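For reference, the chains in residue letters:
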Amino acid sequence: MKRVRLLVDTVACEAVLLEDAAPRTVAALWDRLPIVDRTIQARWSGDAWRTEGNYELLTPDDPVESRADRLSAGDMIYYPGYKSKLLKIAVAYGPAQWLAPFMNPLPVSLIGRIDVNLNAFVERCQRIIFEGPLDVKITRA
């Protein structure tokens, strides 16, 4: 079972990667680690942030694995938005749904779930909308 460690500002947590549900996406993420970036509030999507940088984990022709609709705190997703040129890793810190600016749902792949220190992660991330981007580091656990 593959696991990642997320360090958001000073809060460390861990997530299990959902290899069975999204094997190609998880393998590509695993090969890409570590990721050092900043969080950007996903303004249309609810309580979630996305990476500032783009991460091409799959090709434009690959289907979205393990499609997620509604997200809960701790859900980790990959958004392969080739049309918008947004290829993002994102994490929900509360109720969320990945949406385009006009509230159209977008296809995302559920790739992991935070299962260690979720409450501290949620508490810290709830301030992003007011305080701005935070440093984030995602590494193999």
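First, a word on what this report is: a plain description of the structure on this page. Here the structure is a predicted model, which is why all the values come from computation and not from measurement.

### Points about the overall build of the protein
Then, number 1: Of the regular secondary structure elements, the protein holds three helices and 10 strands.
Then, number 2: Starting at the N terminus and ending at the C terminus, the protein contains elements arranged as β-β-α-β-β-β-β-β-β-β-α-α-β.
Then, number 3: Taking 2.2 N^0.38 as the reference for a compact globule, 141 residues should give roughly 14 Å; the C-alpha atoms of the protein span a radius of gyration of 13 Å, in line with that estimate.
Then, number 4: In terms of overall dimensions, the protein has a C-alpha envelope of 35 × 35 × 25 Å along the principal axes.

### Quick notes on unusual backbone geometry
Then, number 1: Of note, the amide linkage connecting Leu33 to Pro34 takes the cis form, showing an omega dihedral of 5 degrees.
Then, number 2: Following the sequence through the fold, Pro34 ends up in the loop between α1 (23-32) and β3 (35-41).
Then, number 3: For Asn117, which is not glycine, the phi torsion reads 65 degrees and is therefore positive.
Then, number 4: Among the secondary structure elements, Asn117 is positioned in the loop between β9 (108-116) and α2 (118-125).
Then, number 5: For Asn117, a relative accessible area of 39% gives the class partly exposed.

Cut-off values and rules
- Residues numbered from 1 in each chain as written.
- Predicted model: local features only at pLDDT ≥ 70, side-chain atom pairs only at ≥ 80, totals over all residues.
- Heavy atoms only, no water.
- Helix = DSSP H or I, 4+ residues; strand = E, 2+ residues; numbered from the N terminus.
- Rg over C-alpha atoms; globule rule 2.2 N^0.38 Å.
- Buried < 20%, exposed > 50% of the residue type's maximum accessible area, 1.4 Å probe, protein only.

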